[in-house]
Amino acid sequence: MENLKYSYMMHWKLIPYKKIENFRDFYYIDRSNKAYFSDWDKIVKYHVGAGYKGIELMPFERHQMKTLFGSIQNFVDFIKERGLEGISGMFHGLGESFDRSQHKAMIEEAQEIIDDTYAFGGELINLCPVANYNRVGPLSTEQLKAIAEVVDEIGKRALDKGISVCLHNEFFCATNTENHNQFLEMTDPRYVFYCLDTAQVALMGIDPVEFYDKYHDRVKTFHLKDTASAPLPDSVRHSQDPEIQPDGHRWFWEPGEGDLDFKSLWKLLKKYNQKGWVTIETDGTPDLLASMVLTKWYIDHELSPIYK
Amino acid sequence: MKIGCSLDLVDLRYQEPNRNKRESQYYWEELYKMISAAGFKGIELPYEPYWDFGGRTGIPFTLYTVKAAYGSVKKYVEFLNNSGIEEIASIHFNPTMFIGKDLDRYFGAFMHFAVQAVEFAAQAGTKTVIVTPTPDIGELQLNVSVGQGEWPVWVEDFLKRTNETLAKLGEIASKSGVKLAIKNEFWSLAHGGRIDDFLKVLEPGLVGYSADTAHLSIGRTNPADIIKKYKDRLDCVQFCDTAFEDVEDYYKKFNPEYPATGTQKVFCDMGQGKVDLPGIYNTLKECGYNGWVICSCRQTADVMRALLRMRYHLDNVILKA
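Throughout this document, residue positions are counted from 1 along each chain, in the order its sequence is written. To read the labels, note that chains go from A and ligands from 1, taken in the order they are written. Only residues with pLDDT of at least 70 get local features here, since the model is predicted, and only at 80 or more are side-chain atom pairs given and counted; chain-wide, interface and lining totals rely on the full set of residues. Hydrogens and water are ignored here; the side-chain numbers use all heavy atoms of the structure.

A. Focus on the overall build of chain A. Looking only at helices and strands, one finds 13 helices and eight strands in chain A. Against the 2.2 N^0.38 benchmark of 19 Å for 308 residues, chain A shows a C-alpha radius of gyration of 19 Å, consistent with a compact globule. Based on the C-alpha atoms only, the size of chain A along its principal axes is roughly 60 × 45 × 40 Å. Considering chain A as a whole, with its 308 residues, one finds that 59% of them fall into the buried category. Here a strand is any run of E in DSSP of at least two residues, a helix any run of H or I of at least four, and the numbering for each starts at the N terminus. Only the C-alpha atoms count toward the radius of gyration. The rule for a globule is 2.2 Å times the residue count to the power 0.38. The buried label applies to any residue whose accessible area, calculated with a 1.4 Å probe on protein chains only, is under 20% of its type's maximum; exposed applies above 50%, and partly exposed to all values in between.

In structure tokens:
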């Protein structure tokens, strides 16, 4: 029995078809590889073929998925029939969560995410706690407290359904280098856990290996990705919409293609007997399928011999 | 007639290798030069508020993103001009992303962002803003109207509010020196000949018509006949091709652009389908139409190939007819 289960983050955007019934004819319309990325049937098979057990969903596409499949249960059945174990969880983001007057609406929206995650059979909600630094930063201690309050409440509600809410910090969030660890400690460890996105924290100037060593009790899951750009200066992290650069510069790479020390991290995973989902996230890649397979090779040949 | 091309040939919503680079500014800046090299001096810009959210400011489809990338619409247009694009011929706004059970929210967002599109057009010197009048019937029937009474009654009320919104927008646009026009997607409540229901109640001086040849064909109408009928209200014409025949009534199902069975590809590159574009071009000439014709290879599998296919088909088939 393996301790770690690998999931792949849903960055495919919308997938328009459930299954292309006449695949060969469809291909011949324009003889393009677009045919290979247009239906769930094939996308799911790529996950299974590459050795992944699950998918982490983005929230934006779930309405289209529900209607395309008729119900969430139909979708779950569809992916299981093709060999996936299930949905690991869903991503969700909060906006001006430091504003207590918005908490009621935020909790209602989060409840929909919790209910849908439960219906999908997911175990995790990876939660970005606040809007971009450029829009709302810097945050005061009082504002951090307000964010912790709403995150705790969402965590409590999720746990009622057996789902763990895990903080997930983008490198451009208003919770950033100066208060990232402080904010984590302000949340209630009974209800709020942590998703360690290795590249995002490195870009904030935080060593993911040291972070995990210190906070392993809170770390429930990972977004595994590499970077060759850490640490980023304030001028980038605090800028308007820095995630996608105008010149196409990439912040994120497949594990093994950047600078991060995943082998030391995996030694700690072994030390602390980490269990559960690890999501591979390859946002920014020009080719999700290539990145998915390349990453799995690195895991199987470089990381799994250390711990799996 | 002036002939341009629509940026809707770039598929941003669906996956394929190399899709992600389309979120970066450099991709579009190179594309303008390619469009110009393919002989198009005017473009149609889809206005998609979706890109205001989530930090994709490289995609030049809203006031917010263009201001973030260029500082102002004026500077963006200057950049286009320096890349060989002389004009943003038209802007297309589709409010479908806001549809949900809360119709006050939908019509509020519809108006808010359509006014932004008009503002964008006014600042860019664009004369026409084309609006998709309603979301797809399948979405309205399967998700939005459920539990809100009988469908015919619900539709009547929805259309009333839609036409009120369009009439108000037409007035706002007119004051900004911009003409509003509506188009009829084959999946909307204005599909095929149902465009009549809208145009007969909207003031001709304030709301015109933008004919899309593929949508009209799929909607079981003859595009040339519709063009003749509304020759005095035409503000822009989309030359789009298709070989799709809607034999299973996908026009009223969910996800109509991606049918679950049968011929699952709806739109195709110009010249690859069955629409009589040379005949329609001649009809436009006979009608004395002298506005923009926008070539659309909607969500093509290969942007560069589509640009050259359009140019070849225009020069060797359509314009020679």
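Let's pick the thread back up.
B. Structural view of the interface of chain A and chain B. Counting residues at the interface gives 35 residues for chain A and 35 residues for chain B. Polar contact is the term for a pair of N or O atoms within 3.5 Å; when the atoms are in protein, one must be able to donate a hydrogen and the other to accept it, and sequence-neighboring residues count only if both atoms are side-chain atoms. The interface formed by chain A and chain B holds 20 residue pairs in polar contact (both at pLDDT 80 or more) in total. Mapped by element, the contributors of at least two residues to the side of chain A that touches chain B are α1 (23-30) and α3 (62-69) of chain A. In terms of residue class, the side of chain A that touches chain B is made up of 14 nonpolar, 12 polar and nine charged. In this description, contact between two residues means that some pair of their heavy atoms is separated by no more than 4.5 Å. Residues are sorted three ways: Asp, Glu, Lys and Arg are charged, Ala, Val, Leu, Ile, Met, Phe, Trp, Tyr, Cys and Pro are nonpolar, and all the rest, Gly among them, are polar.

C. A look at the UniProt feature "domain: Xylose isomerase-like TIM barrel" (unreviewed entry) in chain A. UniProt positions are given in the numbering used here, feature names are shortened, and annotations may be inferred rather than shown by experiment. As annotated in UniProt, the feature "domain: Xylose isomerase-like TIM barrel" (unreviewed entry) corresponds to residues 50-283 of chain A in the numbering used here. Summarising residues 50-283 of chain A: 41% helix, 16% strand, and an end-to-end C-alpha distance of 18 Å.

D. Focus on unusual backbone geometry. Along the chain, G137 of chain A connects to P138 of chain A via a cis peptide bond; the corresponding omega equals -5°. Relative to the elements of secondary structure, P138 of chain A occurs in the loop between α6 (133-136) and α7 (141-160). In the segment running from A230 of chain A into P231 of chain A, the intervening peptide bond is cis, with an omega of -10°. Looking at where P231 of chain A falls in the secondary structure, it is placed in the loop between β7 (219-224) and α11 (234-237). A positive phi angle, near 55°, is found at N273 of chain A, a position not held by glycine. Among the residues examined, N273 of chain A registers a relative accessible area of 42% and is labelled partly exposed. In the Ramachandran plot, Q299 of chain B falls in the positive-phi region, its phi being about 50° despite a non-glycine side chain. Residue position: Q299 of chain B is located in the loop between β9 (292-296) and α11 (303-318). Residue class for Q299 of chain B comes out buried when judged on its relative accessible area of 13%.

E. Local environment of the confidence of the model for chain B. When pLDDT is averaged across chain B, the result is 95; 100% of the residues are at 70 or more. Reported confidences for the modelled complex are a pTM of 0.94 and an ipTM of 0.92. pLDDT measures how confident the predictor is about each residue, on a scale from 0 to 100.

F. Layout of helix α5 (residues 103-120) of chain A. Residue and element names in this part refer to chain A. In this scheme, a helix's expected span is set at 1.5 Å multiplied by one less than its residue total. Between its terminal C-alpha atoms α5 stretches 25 Å, which fits the 26 Å expected from 18 residues at 1.5 Å a residue. Considering only its buried residues, α5 is in contact with β2 (54-57), α3, α4 (72-81), β3 (86-93), β4 (124-128) and α7. Just past α5, the residue G121 takes up positive phi, approximately 85°.

G. Here's a closer look at the packing of helix α4 (residues 103-124) of chain B against helix α6 (residues 151-175) of chain B. All names here are of chain B. Fitted lines through C-alpha atoms serve as axes, helices being fitted only where they are in contact, and the angles separating the N-to-C directions of these axes extend from 0 to 180 degrees. Where α4 contacts α6, the two axes come as close as 10 Å, and the packing angle between them is 25°. Classified by the interaxial angle, the pair formed by α4 and α6 is roughly parallel. Between α4 and α6 lies a crossing whose hand is right-handed. Residues L103, D104, Y106, F107, F110, M111, A114, V115 and V118 of α4 form the contact with α6, whose participating residues are W154, F158, R161, T162, T165, L166, K168, L169, I172 and A173. Class assignment of the residues belonging to the contact of α4 with α6 gives a composition of 14 nonpolar, two polar and three charged. Our angle categories are set so that under 35 degrees counts as roughly parallel, over 145 as roughly antiparallel, 65 to 115 as roughly perpendicular, and the remainder as oblique. Take the far helix as the reference: if the near one is turned anticlockwise from it by less than a right angle, the crossing is left-handed, and if turned clockwise, right-handed.

H. Molecular detail of the environment of K41 of chain B. Counting through the fold element by element, K41 of chain B comes out in the loop between α1 (25-37) and β2 (42-47). Setting aside chain neighbours within four positions, we find K41 of chain B in contact with I3, S36, G84, I85, E86 and E87 of chain B.

I. Geometry of the pairing of β2 of chain B. All names here are of chain B. With respect to burial, β2 is a largely interior element, six of its six residues being buried. Residues G42, E44 and P46 point to one face of β2 and I43, L45 and Y47 to the other, with burial holding for every one of them. Paired strands, in this sense, are two strands between which DSSP finds at least two bridges. Judged from the two bridges that link them, strand β1 (residues 2-6) and β2 form a sheet pairing that is parallel. Bridge assignment links S6 to a residue of β2, and that residue is E44. Sheet topology note: the β2/strand β3 (residues 87-93) ladder contains six bridges and is parallel. Residue pairing across strands places P46 opposite H92, the latter belonging to β3.

J. Examining the pairing of β1 of chain B more closely. Residue and element names in this part refer to chain B. Of all five residues in β1, four are buried; the element is thus mostly enclosed. Relative to β9, β1 is paired through four bridges, and the arrangement is parallel. By the bridge assignment, I3 is partnered in β9 with V293. Note on handedness: a crossover is taken as right-handed if, strands pointing away from the viewer, the path from the first strand over the helix to the second is clockwise. For the crossover that starts at β1, traverses α1 and ends in the parallel β2, the hand is right-handed.

K. Looking closely at the pattern of salt bridges. Residue and element names in this part refer to chain A. Whenever a carboxyl oxygen of Asp or Glu lies within 4 Å of a side-chain nitrogen of Lys or Arg, that contact is scored as a salt bridge. For the structure on display, the rule yields 45 salt bridges over all chains. Here R157 makes a salt bridge to E153, at a shortest N to O gap of 2.8 Å. With R157 and E153 both in helix α7 and four residues apart, this pair spans about one turn of that helix. Owing to a relative accessible area of 25%, E153 belongs among the partly exposed residues under this scheme.

L. Looking closely at the UniProt feature "domain: Xylose isomerase-like TIM barrel" (unreviewed entry) in chain B. Taken from the UniProt record, the annotation "domain: Xylose isomerase-like TIM barrel" (unreviewed entry) applies to residues 35-306 of chain B. With 40% helix and 16% strand, residues 35-306 of chain B has its two end C-alpha atoms placed 10 Å apart.

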